[in-house]
Amino acid sequence: MSEKFDGPVAVIGGSGDLGAAIARRLAKAGRTVLLGSRCPDTASAAASRLGFGISGRSNEEAAAAADIVIVTVPFAAQEATLSSIAPHIKGKIVVDTTVPLVPPRVMRVQLPAEGSAAVRAQGILGDDVTVVSAFHSVAAHKLIRDRTIACDVLVFGDDKSARSAVIELVRDCGLRGLHGGALANSAAAEALTSILIFINKTYGVDGAGIQITGKLTEPG
Ligand SMILES: NC(=O)c1ccc[n+]([C@@H]2O[C@H](COP(=O)([O-])OP(=O)(O)OC[C@H]3O[C@@H](n4cnc5c(N)ncnc54)[C@H](OP(=O)(O)O)[C@@H]3O)[C@@H](O)[C@H]2O)c1
C-alpha cells in the first residue's frame, strides 16, 4: 500500500469527545470529514455544531463512504461498533484510538487478553482491513481548542504505508505523528494512558502528554 489517502475520512463515534475534536481539526485542515454516530440525527447535530463542512450520518454509512475510518468509542463499545461497520470497510485503513480503560480503575493498566485494544480490533475485523492505532496520549479537551498541543502521537501498525497515511492525518490535526512500529507495540501507548491519568491526578496536570526527545531524521 503506497497511495496517498486524501479522500473522505469517517470518524465513528464522532459525537464524543475525542472524535469531535479529531473531526474538527481534520475538517479545518481541508479534509472531507463524515461524522458517524449510532443515531444519524445525533451525527447531524454534532456535525453542524462543529462546522467546517462536516456532515453527519450513521456509523455504517460514514464508514462505507470513507477511505480511512477513525474509530473513537469507549473500550466497552469497541467490539459492537467494529462489528457493525465491518461489512463496509473491506480493504480500508481503520485507525483505532481505543484505550482499554476499565472503569472505575482507570489509573491502573488493564490490557485485554489479546495484548492491546489495537490487536483486538484487528482480530475482530480480520485481515481484509488494515488496522493502525493512534491518538492514545492526546487529551480531547485540548484537541478541541485552537491551540498548539505539546504532545507527540505515536502511530502503530504492521503496514508502514498505512502508518504513514495516518501520520499525515495526525499532521493535519496539528500534531507530530511518529512511527511506533508494529501494531502489537500499541500496548505501550494504551498502557501509558492510565499512567498519564494517574499523573494528571497526582500532580494536578490539565491533560499530561508525551514528547519524544532527540533530533529525528525522516525515515526512508
Ligand atoms: N477523551 C480523550 O481525551 C481520549 C484521548 C485518547 C484516547 N481516547 C480513547 O478514545 C475513545 C473515545 O473516547 P471519548 O472520550 O471520545 O469517548 P466518549 O465521548 O465517551 O464516547 C464516544 C462515542 O462513542 C459512542 N458510544 C458510547 N457508548 C457506546 C456504546 N455503549 N456502544 C456504542 N457506542 C457508544 C457514542 O456515540 P453515539 O452515541 O453517537 O453513537 C459516543 O459519543 C476511547 O476508547 C478512549 O479511551 C480518549
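Residues numbered from 1 in each chain as written. Predicted model: local features only at pLDDT ≥ 70, side-chain atom pairs only at ≥ 80, totals over all residues. Heavy atoms only, no water.

Participant: Residues and numbers for the environment of Asp 152, please.
Facilitator: By the element assignment, Asp 152 lies in strand E7 (residues 152-157). With a relative accessible area of 5%, Asp 152 lands in the buried category. Between the C-alpha atom of Asp 152 and that of Gly 209, which follows or precedes it by 57 residues, the distance is 7.5 Å. At a separation of 2.7 Å, a polar atom in the side chain of Asp 152 contacts the main-chain amide nitrogen of Ile 212. (Helix = DSSP H or I, 4+ residues; strand = E, 2+ residues; numbered from the N terminus. Buried < 20%, exposed > 50% of the residue type's maximum accessible area, 1.4 Å probe, protein only. Polar contact = N/O pair within 3.5 Å; in protein donor to acceptor, adjacent residues only side chain to side chain.)

Participant: Now, about the environment of Gly 220: what can you tell me, with residues and values included?
Facilitator: Its place among the elements puts Gly 220 in the segment after helix H8 (186-203). Distance in space between the C-alpha atoms of Gly 220 and Gly 19 is 31 Å, their sequence separation being 201 residues.

Participant: Any details on the pairing of strand E8 (residues 176-181)? Residues and values, ideally.
Facilitator: As paired strands, E7 and E8 are joined by five bridges and run parallel to one another. Counterpart to Leu 154 in the pairing with E8 is Leu 178. The handedness of the E7 to E8 crossover, carried by helix H7 (residues 160-172), is right-handed. (Pairing = 2+ DSSP bridges. Right-handed = clockwise from strand over helix to strand, strands pointing away.)

Participant: Would you mind going over the state of the cysteines in detail, with residue names and values included?
Facilitator: Tallied over the entire structure, the rule returns zero disulfides. Between Cys 173, a cysteine without a disulfide, and Cys 151, which holds the nearest cysteine sulfur, the sulfur-to-sulfur distance is 12 Å. On the basis of relative accessible area, Cys 173 is assigned to the buried category, the value being 1%. (Disulfide = S-S within 2.5 Å.)

These results come straight from atomic positions and should not be treated as a statement about function.
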